[in-house]
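Architecture and fold: a report
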Amino acid sequence: MPNPSPLLEELRQELAGPVPPGRGDEEGARRQWWAALAVLQDTLLEQPSPHGLWLAAPLPALYEPTLLQRFQGWVWTPPAPSGLRPELPGQGVGLNPKIWQLALKETDGTDPLLVLITAKLQVALALFGEPQRRQLIVSFDHKLLAQLLQRLGARLGEDNPAAAIDLKQKLEKLGPLQNSARAAELFWPRLAERLATAAPGLTLIAAPKGPQAPPGGTDQLGLLEALAHEVRTPLATIRTLIRSLLRRQDLPTVAENRLRQIDAECSEQIDRFGLIFYAAEAQRQPQGERMLARTDLEALLLQLQPGWESQLQRRDLQLDLRIETGLPAVMSDAALLEKMLAGLMDRFSRNFPSGVRVKVELQAAGDKLKLRFSGSHNPGEDQAEPAPEARIGPVLTWDPGTGSLQLSPQATQQLFASLGGRFTERRGSSLTLYLPISTASIVEGCEESSDPAFSAGAEC
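Being a predicted model, the structure only gives us computed values, none of them experimental.

Here the focus is the overall build of the chain. For the chain, the count of helices and strands is 13 helices and 16 strands. In the chain, which comprises 460 residues, the proportion classed as buried is 45%. Sequence separation of at least 24 residues holds for 71% of the intrachain contacts in the chain that already meet a minimum separation of 6. On the chain, roughly 23,100 Å² of surface is accessible, and the fraction owed to carbon and sulfur atoms is 54%.

Have a look at this one:
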């Protein structure tokens with residue numbers, strides 16, 4: 001009689017076997033888990049691998065979109081919610097074309113587990129231990145990982161033979177595995193650094209004195225970074241699961257609409273807290289001058305338009321986007337500029353009553369392009385003055401009218417300055433951004449780029 005496939009809880013025990021029992025609580029262990037995931041994904045993004053694979057339970061542990069697109073995944077998840085027919089093994093590839101979905105057994109346990117394999121980095125992460133004896137387990141041991149993969153392959157063979165065959169083929173495609181000694185050596189110092197600088201708690205240090213100390217102190221900024229990270233990471237996992245459900249063909253219309261609404265709300269909050277995190281980091285650790293490149297602002301706005309329209313419709317607002325023809329490219333950082341513009345729309349539209357038309361205009365203004373946000377009210381409608389915002393430290397303001405936290409005007413101005421731009425605001429009335437025209441787009445003309453945001457629309 002063949003041996004039964006291993007339970008995932010047994011695999012966590014095997015990972016924990018070589019290390020002493022833990023002495024942590026649940027909160028501390030979870031904080032270490034999220035920090036470890038962030039360090040691991042940063043490491044992978046710094047040393048990009050064209051191929052890789054990961055196996056996780058009980059949720060997809062990875063949340064960086066670039067990695068989810070590049071790597072193949074196998075994830076064991078709990079049963080589907082009541083009213084949704086679970087997708088049975090062999091019916092498809094589950095969460096998305098790069099992720100297999102498997103059924104989690106009740107005896108598998110619910111602690112997170114992740115095994116990640118690339119040609120140059122192999123690592124396993126897990127949380128393990130009873131209450132008050134919790135710990136993060138991280139292993140780069142080649143022999144232990146080989147045993148773990150063999151046992152996971154056996155489990156897959158019982159759960160979904162096609163998924164097991166795919167795992168074997170993907171492993172063979174990676175070729176010889178050589179674990180990066182440097183990545184393993186740097187992992188723990190980076191994890192300690194992230195926890196020391198970002199983890200909230202009683203260990204926060206006093207703010208430095210003198211002219212270099214930012215208003216509010218590094219303690220507040222470190223706490224803010226931690227809170228932003230703690231909000232973004234679970235939301236990213238929720239969004240991944242939501243998008244997996246949206247790929248199903250048997251969803252009731254009402255369920256699909258609700259899921260799309262949740263997905264959009266998650267994305268907005270991930271972007272908003274991402275900007276808060278970046279602004280706090282920029283205050284605490286100034287990075288100096290940013291590398292700017294030719295950016296097609298018109299293409300960027302057209303890319304943002306569908307999301308803006310959906311966002312405004314949920315608040316019963318309308319979008320009026322007007323772009324002057326024949327505009328040259330600007331000098332900026334396209335990735336950060338996209339996040340900043342999304343944040344501006346959220347910031348600008350929050351105080352408007354239903355029925356307002358939000359106008360976004362892009363036009364030339366000398367050696368710059370001028371991007372203006374304004375609100376068009378109905379004739380005769382009384383426009384209430386927005387309540388004054390309360391400043392919270394060097395980065396945030398609190399809006400008593402909506403109860404929302406936003407980047408302060410000073411932090412917003414600083415971030416746009418790092419993009420080569422200038423930002424002005426008349427609260428409740430208009431926002432205006434000026435970005436310098438790229439001289440390369442005028443002098444050199446049609447220099448091509450693989451990214452349409454950097455080349456499309458440049459004047460020749």
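The next point concerns the pairing of strand 16 (residues 430-436). With six of its seven residues buried, strand 16 lies for the most part within the structure. As judged from the seven bridges shared by strand 11 (residues 368-376) and strand 16, these two strands associate in the antiparallel manner. Bridge pairing links Ser374 to Ser430 in strand 16. In the sheet, strand 15 (residues 422-426) pairs with strand 16 via five bridges, with the strands oriented antiparallel. Bridging across to strand 16, Arg422 finds its partner in Tyr434.

On the basis of which strands lie adjacent, the open sheet formed by six strands has the order 3-2-1-4-5-6 and mixed pairing. Among the strands making up the open sheet, the edge pair consists of strand 3 (99-103) and strand 6 (135-139). Here the average twist between neighbouring strands, direction ignored, is 10°. As defined by bridge partners, strand 2 (residues 72-77) adjoins strand 3 across five bridges and the pair is classed as parallel. When the bridges of strand 3 are listed, Trp76 appears paired with Leu102. Seen against the sheet, helix 1 (residues 8-16) touches strand 1 (53-57), strand 2, strand 4 (113-117), strand 5 (122-128) and strand 6 and runs at an angle of roughly 105° to strand 5. In the packing of helix 2 (residues 26-46) onto the sheet, contacts are made with strand 4, strand 5 and strand 6, and the angle to strand 5 comes to roughly 165°.

According to the stated counting rule, one finds 22 salt bridges in the structure shown. With its nearest N and O atoms 2.8 Å apart, the salt bridge here joins Glu9 to Arg12. Taken as a pair, Glu9 and Arg12 lie in helix 1 at a separation of three residues, close to a single helical turn. Residue Arg315 is joined to Asp346 by a salt bridge in which the shortest nitrogen-to-oxygen separation is 3.0 Å. Linking Arg315 in the loop between helix 9 (297-313) and strand 8 (318-323) with Asp346 in helix 10 (residues 334-349), this pair joins segments that are 31 residues apart in sequence. In the salt-bridge network here, residues are joined through shared partners; they are Glu265, Glu268, Arg314, Arg315 and Asp346.

Count 3.6 residues to each turn of an α-helix, and residues three or four apart come out pointing the same way. With 14 residues, helix 5 (residues 161-174) extends 20 Å from end C-alpha to end C-alpha; this agrees with the ideal 20 Å at 1.5 Å per step. Those residues of helix 5 that fall on the buried side of the exposure criterion are Ala163, Ala164, Asp166, Leu167 and Leu174. On an axial view of helix 5, the arc spanned by its buried residues comes to 160°, and they lie on one face. Facing away from the buried side of helix 5, by more than 90 degrees, are the exposed residues Ile165, Lys168, Glu172 and Lys173. Turning to helix 5, the residues buried within the fold contact strand 1, strand 2, strand 3, strand 4 and helix 4 (142-159). For helix 5, the capping residue at the N-terminal end is Asn160, with a side-chain oxygen 3.1 Å from the backbone nitrogen of Ala162. Directly beyond the C-terminal end of helix 5, a positive phi value near 80° is found at Gly175.

The rules we used
- Residues numbered from 1 in each chain as written.
- Predicted model: local features only at pLDDT ≥ 70, side-chain atom pairs only at ≥ 80, totals over all residues.
- Heavy atoms only, no water.
- Helix = DSSP H or I, 4+ residues; strand = E, 2+ residues; numbered from the N terminus.
- Buried < 20%, exposed > 50% of the residue type's maximum accessible area, 1.4 Å probe, protein only.
- Contact = heavy atoms within 4.5 Å.
- Areas by Shrake-Rupley, 256 points an atom, 1.4 Å probe, with all protein chains shown as cover.
- Pairing = 2+ DSSP bridges.
- Axes fitted to C-alpha atoms, helices over the stretch in contact; angles between N-to-C directions.
- Salt bridge = Lys/Arg side-chain N within 4 Å of Asp/Glu carboxyl O.
- Expected span 1.5 Å × (residues − 1).
- Arc of directions from axis to C-beta.
- Polar contact = N/O pair within 3.5 Å; in protein donor to acceptor, adjacent residues only side chain to side chain.

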